[in-house]
Amino acid sequence: MKSTTFFFLLAIILTVSVFSAESKNTYKGYSSKPVRDTIIKLDTIKDKKLLKGKKNTRNPPPKNTPATKTDTTQKKGDIESEIKAVAEDSTHVDNEHDILYLYGRARVTYEDFELDADYIRVDRKNHVMFARGSIDPRTHRYIGRPISKQKSEKPVSSDSLLFNYETKKGKLYNPASEQEGNFISGGQAKKLNETEVAYRNVIFSTCDLPYPETHFGVVITRGIGEKNRIISGPAYLEIEGIPLPLAIPFGFFPKPNQRTSGVILPTFGEDQQLGFKLSNFGYYLGFNDYIDLTTTATVYSKGSYELNSVMRYLKRYKYTGNLALSFGSHNYGLPGDPSTKDVHIDWTHSQDPNANPGSTFSASVNAGTSGFFRNTRGTVNVNTIATSSLRSSISYGKTWAGTPFNLSVGLSHSQQIDTKTITIELPTVAFGMSSINPFDSKDRVGEQKWYQKITVSYNMTATNKVNNIPEAELFKSETLSKRLQNGFQHQIPVSLGLNVLKYFQFNSSINYTERWYFQSITKRFERGSISNSDQLITDTIPGFKRAGEYSVSTGLSTKLYGQINFKHGNLKAIRHVMTPSISFGYRPDFSDPSFGYYKTAVSNATIPYPYSSQKYSIFDGAVYGGPSPGKQAGLNFSLDNTIEAKVKAKSTDTSGTDRKITILQGLSFSTFYNFAADTMKLSPITFSGHTAIFNQKLSISFQGSFNPYVTVVRDSIQNNNIVRYSQPINRYTWQDGKFPQLSNVGISMSGSLNSTKAAARGTPGAVNGLANLTPTQSQRLALVNSDPNAYVDFNVPWNINFNYSYSYTNSLNTVSTSNTVQISGDVNVSPKWKVQYSTNYDIKAGKLGSATSFSIYRDLHCWDLSIQWIPFGYLKSYNVTLKVKSTILQDLKLSKRNDYTNSGTFY
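*Asks:* Would you mind going over the overall build of the chain in detail, with residue names and values included?
*Replies:* Scanning the chain from terminus to terminus reveals six helices and 55 strands. Residues classed as buried in the chain amount to 34% of the 907 residues present. If you take every contact in the chain between residues at least 6 apart in sequence, the share linking residues at least 24 apart comes to 51%. Just so you have it, the chain exposes about 52,700 Å², and 56% of that area is on carbon and sulfur atoms.

This is the structure:
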């Protein structure tokens with residue numbers, strides 16, 4: 001039964017291939033792809049005229065005639081057309097019969113017809129050309145096949161051909177042509193006129209191997225191809241040269257010169273929870289060359305169903321995009337239980353930068369119900385299923401040429417799948433002015449004075465925001481009326497940069513921020529509240545409120561250089577560059593009652609309980625927040641380091657230029673000392689650094705912080721249990737002769753290794769750019785972008801990506817660490833087999849992560865066999881898929897799977 005199903009699906013695939021290929025005007029153009037050795041199909045009776053001159057072919061005239069170019073003139077009404085002929089070996093003219101013979105890489109052109117072959121015979125009296133290849137005496141291979149081309153059609157290769165250049169009629173033996181992933185080869189093709197072609201015993205297939213090497217195809221015994229349709233006689237399926245009892249008596253296929261609408265045939269399967277399924281059947285609508293629509297559905301025997309509609313649109317040099325709408329109704333419970341409804345929208349839109357200079361528009365929408373990826377049955381994708389959030393953005397930008405002003409308007413959406421909450425901003429408006437020098441003159445001559453270097457810029461943002469609302473409340477009327485928050489924020493930075501004493505850089509800045517809101521809050525304790533049982537109530541008060549804050553900073557920075565030179569060896573010098581900087585910053589305490597931004601809520605005092613109080617900002621929860629509390633007046637210290645080495649040039653380097661190798665790309669230390677603080681004036685000392693070694697193949701980053709204060713561990717009793725906690729005291733560690741305590745540190749290393757055979761011969765380089773892609777390349781690129789996991793590059797024999805991370809946190813009473821490594825990559829087991837792998841290993845726990853997966857790919861020339869396997873964990877599953885490579889048949893496949901949604905074991 002399974003074998004019958006398999007062959008039935010193959011018949012469907014190949015039949016649809018005929019529909020698809022003919023709808024794309026296969027006979028309109030041909031290609032000149034090389035074909036394998038075949039026998040010249042010439043009949044000694046029917047093709048007697050073709051064999052005329054065969055004696056001359058076996059015994060060609062002496063090669064005393066050099067390669068020449070011959071021009072003859074043929075009259076066609078009142079217009080004379082010229083035949084141009086040239087041969088690399090020799091030419092021979094039979095003046096008695098008016099026949100021209102061309103030997104060795106011959107070429108003939110007449111009007112819009114071009115012909116190349118190893119041997120060409122031109123009968124100028126009967127207006128007939130005959131061409132064929134020849135047998136190589138050394139390799140005994142058939143070489144120099146005829147390649148013909150007419151008008152704008154693609155070239156077509158054949159074993160031999162006969163062509164009347166006056167009537168434009170011809171006959172080809174064993175033709176081989178290609179059109180958009182479909183191939184026709186073998187048999188005979190007879191061109192009746194410019195719009196009609198008759199064919200006999202040709203094989204139509206998505207396999208690019210010509211007859212007789214074609215793996216599979218539909219044999220069309222008789223057929224007529226017209227401009228807009230193909231009328232076919234009996235046709236049957238053939239695999240590996242074996243005809244199968246799957247045939248049709250006749251066929252009538254439309255063949256318009258544009259995209260053709262049609263039915264998408266389904267695949268069959270079974271889901272353990274939802275029952276038998278008929279998946280991905282639907283209809284394709286090709287409206288025109290700029291837009292199409294694909295609608296598919298999947299139905300299950302237990303009542304569940306899924307709908308998916310994808311629209312693609314493209315206008316060259318203007319814009320391109322995809323819009324996908326999906327809906328699912330699933331019942332995982334008992335019959336009669338309510339179904340789970342899920343929806344999802346995915347929209348991407350990009351605009352050509354040159355389409356509208358000065359304005360841009362882009363969209364990236366990924367939104368839907370939280371259970372969509374979990375409930376919808378599709379190809380197992382670990383990254384998609386493990387997604388914890390969805391985000392969307394739609395933006396429009398405008399700049400005015402010759403001015404410093406710019407404007408952007410956008411909509412954004414963020415959704416947390418685990419908490420089922422949504423945050424929406426509609427819209428967000430940003431208006432800005434780039435930095436200008438208000439005191440500088442356009443007619444200035446000479447260098448700027450110090451006050452002319454002052455720069456000023458301005459940025460304004462405004463938004464309407466609904467923050468962290470449940471999915472179920474999104475479309476309720478009270479959501480927008482009561483939970484919508486809005487506000488404006490203005491920022492004006494003023495800065496000045498000067499060179500001081502030649503070696504120092506002086507920087508000073510003043511930053512002012514103004515916020516406007518149309519509501520504020522007030523907090524109060526519920527009447528009768530007592531300490532340790534306080535009920536704090538928050539009320540929203542409508543009305544315009546403003547909040548302004550400012551900060552001032554000024555500082556100096558310089559660079560210090562140190563170098564060590566070496567007289568012997570390849571190492572010539574090591575240079576150390578330090579960049580110290582110190583700056584003073586001031587910001588007042590905006591929680592002071594005089595500003596009016598903060599208030600205090602006080603409970604009633606009752607005996608024997610004291611009163612309780614809480615200080616709060618009237619802008620708590622506002623879209624841009626409010627001014628920060630606490631006064632700051634202190635110094636910022638930072639020190640950055642880089643280390644480089646100079647090495648002698650390699651002996652193979654003809655330029656002799658010394659090489660510079662970066663040893664340490666950056667090592668920074670920073671801290672802040674606040675003079676205005678009562679205690680703990682020194683902030684933690686933070687550090688960070690990064691470098692790359694092994695010729696930039698291994699990247700290393702680290703960061704951490706030191707606590708400069710003494711920390712003591714104390715005991716406390718909670719719920720009759722002793723609980724230990726740590727508390728820093730106002731005393732520096734170096735006062736006790738100790739180094740500051742390492743509070744936390746994180747180290748990460750990542751790299752990628754692959755073979756040097758990264759680009760196969762004939763692979764176009766990235767320098768060509770997307771603008772030079774052919775329509776076929778663009779179609780393949782679109783497939784890769786829509787499903788990157790479906791693309792496998794056999795040109796890279798092996799590839800390894802790894803990432804190691806370590807973290808350490810110490811608060812004295814508790815110490816926590818993590819130590820993990822992630823490895824992914826692929827390897828070619830053979831030229832046609834590739835294995836991909838991805839896993840993470842928890843070194844501390846000593847076990848593999850649940851996201852471990854393996855993929856096996858087999859290149860079956862015209863077919864792809866893929867196996868995806870997740871061996872353990874929540875996502876444990878496997879999927880085996882056999883599909884046709886043809887770009888127009890990507891959805892036609894035979895698959896067997898058992899995924900994480902099935903509770904049973906693998907079988």
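Alright, that's what it looks like, and here's the rest.
*Asks:* Give me the pattern of salt bridges: which residues, what numbers.
*Replies:* Enumeration according to the criterion identifies 19 salt bridges in this entry. Measuring nitrogen to oxygen at the nearest pair gives 2.6 Å for the salt bridge that ties E514 to R546. Within this pair, whereas E514 is found in strand β35 (residues 504-525), its partner R546 is found in strand β36 (residues 536-557), the two being separated by 32 residues in sequence. The structure contains a network of salt bridges with shared partners spanning R107, E114 and D116.

*Asks:* Break down the nonpolar core for me, with residues and values.
*Replies:* With 20 residues, the main nonpolar core has L102, V108, L115, I120, V122, M129 and Y165 as its most contacted residues. Looking at this core, the elements that each hand over two or more residues are β2 (79-86), β4 (99-110), β5 (113-123), β6 (128-132) and β11 (160-164).

*Asks:* Can you lay out unusual backbone geometry for me, pointing to particular residues and giving the numbers?
*Replies:* As a rule of thumb, non-glycine residues mostly have phi less than zero, and peptide bonds are mostly trans rather than cis. At the junction of L426 and P427, the peptide bond is cis and its omega measures out at -15° in the coordinates. Even without a glycine there, the phi angle at N468 is positive, about 50°. By the secondary structure assignment, N468 is in strand β33 (residues 455-470).

*Asks:* Describe the environment of Y517, with residues and values.
*Replies:* Examined against the element boundaries, Y517 turns out to sit in strand β35. Residues Y517 and Y624 lie 107 residues apart in sequence; the distance between their C-alpha atoms is 9.2 Å.

*Asks:* How would you explain the pairing of strand β16 (residues 197-205) if you had to name every residue and give the values?
*Replies:* Extensive coverage of β16 is indicated by the burial of seven of its nine residues. What sits between the antiparallel neighbours strand β15 (residues 188-191) and β16 is a turn of five residues. Bridge count between β16 and strand β17 (residues 216-225): seven bridges; the pairing is antiparallel. Across the sheet, residue V197 finds its bridge partner in β17, namely G225.

*Asks:* Explain a nonpolar patch on the surface to me, using residue names and the numbers behind them.
*Replies:* Nonpolar side chains collect at one region of the surface, where V500, L501, Y503, F504, L556, I582 and F637 lie side by side and expose about 650 Å² of accessible area between them. As for its placement among the helices and strands, I582 is situated in strand β38 (residues 571-587). Judged by relative accessible area, which is 37%, I582 ranks as partly exposed.

*Asks:* Lay out the packing of aromatic side chains in plain terms, naming residues and giving numbers.
*Replies:* Under the definition given, this model contains 24 aromatic pairs. An angle of 10° between the planes, with centres 4.0 Å apart, marks the rings of F113 and F163 as stacked. Here F113, found in strand β5, pairs with F163, found in strand β11; they are 50 residues apart in sequence, far enough to count as distant. The same class applies to F113 as to F163, namely buried. Arranged with centres 6.5 Å apart and planes meeting at 40°, the rings of F669 and F687 form a pair that is tilted. Separated by 18 residues along the polypeptide, F669 in strand β42 (residues 659-674) and F687 in strand β43 (residues 685-693) bring together distant segments of the chain. Taken together through their ring pairs, the aromatic side chains of Y517, Y550, F590, F595, Y597 and F619 make up a single cluster.

*Asks:* Could you give an account of the environment of I99, with specific residues and numbers?
*Replies:* For I99, the position within the fold is in strand β4. C-alpha separation for the pair I99 and R121, spaced 22 residues apart in sequence, amounts to 7.0 Å.

*Asks:* Lay out the confidence of the model for the chain in plain terms, naming residues and giving numbers.
*Replies:* Mean pLDDT over the chain: 80, with 80% of residues reaching 70 or higher. Note on residues 53-67: pLDDT under 50 across the span, and 18 contacts to partners over four residues away in sequence or across chains. Within the model, the stretch residues 782-789 combines pLDDT values under 50 with five contacts to residues more than four positions away or in other chains.

*Asks:* Give a description of the side chain of S743 that names residues and reports values.
*Replies:* Relative to the elements of secondary structure, S743 occurs in strand β47 (residues 741-754). Excluding its chain neighbours within four sequence positions, the residues that come into contact with S743 are S705, F706, N707, Y808, T809 and N810.

*Asks:* Explain the side chain of K191 to me, and be specific about the residues and the numbers.
*Replies:* Looking at the element boundaries, K191 is found in strand β15. Among the residues examined, K191 registers a relative accessible area of 14% and is labelled buried. Separated by 3.1 Å, the side chains of K191 and Q150 make a polar contact. Not counting chain neighbours up to four residues away, the residues in contact with K191 comprise Q150, E153, K168, K169, G170, E196 and V197.

*Asks:* If you had to explain the environment of L237 to someone new, which residues and values would you point to?
*Replies:* Looking at where L237 falls in the secondary structure, it is placed in strand β19 (residues 235-239). Each C-alpha atom of the pair L237 and F216 lies 7.6 Å from the other, and the pair is 21 residues apart in sequence.

*Asks:* Quick one: what's the story with the pairing of strand β45 (residues 709-718), residue by residue and with numbers?
*Replies:* The pairing of β45 with strand β46 (residues 721-732) spans nine bridges and is antiparallel. Following the sheet pairing, Q718 is matched in β46 by N721. Here β45 hands over to β46 after two residues, with N719 in that stretch at a positive phi of 55°.

Conventions adopted
- Residues numbered from 1 in each chain as written.
- Predicted model: local features only at pLDDT ≥ 70, side-chain atom pairs only at ≥ 80, totals over all residues.
- Heavy atoms only, no water.
- Helix = DSSP H or I, 4+ residues; strand = E, 2+ residues; numbered from the N terminus.
- Buried < 20%, exposed > 50% of the residue type's maximum accessible area, 1.4 Å probe, protein only.
- Contact = heavy atoms within 4.5 Å.
- Areas by Shrake-Rupley, 256 points an atom, 1.4 Å probe, with all protein chains shown as cover.
- Salt bridge = Lys/Arg side-chain N within 4 Å of Asp/Glu carboxyl O.
- Core = buried A, V, L, I, M, F, W, Y, C linked by side-chain atoms within 4.5 Å.
- Pairing = 2+ DSSP bridges.
- Patch = residues over 30% accessible without salt bridge, like charges linked within 9 Å, V, L, I, M, F, W, Y side chains within 5 Å.
- Phe/Tyr/Trp six-rings, centres within 6.5 Å; stacked < 30°, edge-to-face > 60°.
- pLDDT = per-residue confidence, 0-100.
- Polar contact = N/O pair within 3.5 Å; in protein donor to acceptor, adjacent residues only side chain to side chain.

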